[in-house]
Amino acid sequence: MKAIAARRHHRQAPVVLLVLALLVTGAVYAAFASTSADASVVAQTETDIEQGKKLFATNCASCHGLNAEGREAAPSLVGVGAASVYFQVSTGRMPMQSNAPQAEAKPPQFDEAETLQLAAYVASLGAGPAIPTAEQVDASKGDAAKGMALFRTNCAMCHAASGAGGALTQGKFAPSVLDTEPAQIYTAMATGPQSMPVFNDMTLTPEDKRDIIAFIDAQKEGAPGGLDLGSIGPVGEGLWVFIVGMGLLIGCAVWIGAKSS
């Protein structure tokens, strides 16, 4: 017992305990992270991965490399996960037509099945965010009021308070999210494409993301007050008051002056 007590008070004991604690913490994190990140790979069959590999070699390898290792023209896709591929391909941003400050949405080149096959192949190269389930993007199960608060805190500074989008710097812009599919909104938040930051599950939980989707879905019903004036906030409203309101007042003043003379 005296020998054990002596070792416990050894000057190197705190260092050893700290190293052991770090090793245990790292092992626990790796176990949980791999379980969640590999979900997209498990959901796909080997056939999907093989078909995705063929599609990748034909349509993507010229920029991203034969094994998705990346080249000067395009980054590596190892570890980006299925969600990133789903967003970029389903919105038509990839394959990219030409070099530009950012990839713009266009009609997709691949159908849903082919998009999922490409996502399955890239996900097999390294763990990353998975494509959400139908329940995770079901707007009817979200809280639009909570989603509004989350959207205005995390998204409105770029996408505007209503999600109509807005200009950024160096020729870039935040696109409108009003015509975006729920799964695309979710995968954009999870992967942070282009200038957008990544909102992982520590920043916005899956429930938070669904609430934001519910808020965006509610905006598609139109402005409750009538004309949305471009949904750009007080600038549009002030311009409307100045042109219409002041115009009417000036017109009335001129009419009264003419009648009195």
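Provided above is the structure to which this section pertains.
Residues numbered from 1 in each chain as written. Predicted model: local features only at pLDDT ≥ 70, side-chain atom pairs only at ≥ 80, totals over all residues. Heavy atoms only, no water.

**Focus: helix α7 (residues 112-125)**
- Relative to the 20 Å expected for 14 residues at 1.5 Å per residue, α7 spans 21 Å between its end C-alpha atoms, a close match to the ideal helical length.
- For α7, every residue scored as buried is listed here: T115, Q117, L118, A119, A120, Y121, V122 and A123.
- Capping the start of α7 is the job of one residue whose side-chain oxygen sits 3.2 Å from the backbone nitrogen of A113: D111. (Helix = DSSP H or I, 4+ residues; strand = E, 2+ residues; numbered from the N terminus. Expected span 1.5 Å × (residues − 1). Buried < 20%, exposed > 50% of the residue type's maximum accessible area, 1.4 Å probe, protein only. Polar contact = N/O pair within 3.5 Å; in protein donor to acceptor, adjacent residues only side chain to side chain.)

**Notes on the packing of aromatic side chains**
- For the structure shown, the criterion picks out two aromatic pairs.
- Ring centres of F56 and Y121 lie 5.4 Å apart, and the angle between their planes is 55°; on these two criteria the pair is classed as tilted. Pair noted here: F56 is in helix α4 (residues 46-59) and Y121 is in helix α7, with a separation of 65 residues, a long-range link. The exposure classification of F56 matches that of Y121, with both residues buried.
- Pairing F151 with F215 gives two aromatic rings, centres 5.3 Å apart and planes at 45°, and the pair type is tilted. On the criterion of sequence distance, the pair formed by F151 in helix α8 (residues 144-154) and F215 in helix α11 (residues 206-219) is long-range, its members being 64 residues apart. Of the two residues, F151 and F215, neither departs from the other in class, the shared state being buried.
- The lysine or arginine in question, K209, covers the ring of Y186, its NZ or CZ lying 5.7 Å from the ring centre. (Phe/Tyr/Trp six-rings, centres within 6.5 Å; stacked < 30°, edge-to-face > 60°. Lys NZ or Arg CZ within 6 Å of the ring centre and 35° of its normal.)

**Remarks on the side chain of R210**
- By secondary structure assignment, the location of R210 is in helix α11.
- Among the polar contacts made by the side chain of R210, one reaches the main-chain carbonyl oxygen of E135 at a distance of 3.1 Å.
- Setting aside chain neighbours within four positions, we find R210 in contact with E135, Q136, D138, K141 and G142. (Contact = heavy atoms within 4.5 Å.)

**Brief notes about the state of the cysteines**
- As enumerated under the stated definition, the model contains zero disulfides in all.
- Free of any disulfide, C60 has its nearest cysteine sulfur in C63, 8.6 Å distant.
- Assessed through its relative accessible area of 37%, C63 is described here as partly exposed. (Disulfide = S-S within 2.5 Å.)

**Focus on the packing of helix α10 (residues 182-191) against α11**
- Put simply, α10 and α11 touch, their axes get as near as 10 Å, and they point 135° apart. Judged by the inter-axis angle, α10 sits oblique to α11. Two packed elements cross with a definite hand, and for α10 against α11 that hand is right-handed. Contacts between α10 and α11 pair P182, I185, Y186, M189 and A190 from the former with P206, K209, I212, I213 and I216 from the latter. (Axes fitted to C-alpha atoms, helices over the stretch in contact; angles between N-to-C directions. Parallel < 35°, antiparallel > 145°, perpendicular 65-115°, else oblique. Left-handed = near helix turned anticlockwise from the far one by under 90°.)

Treat this as a map of the structure, not an account of what it does.
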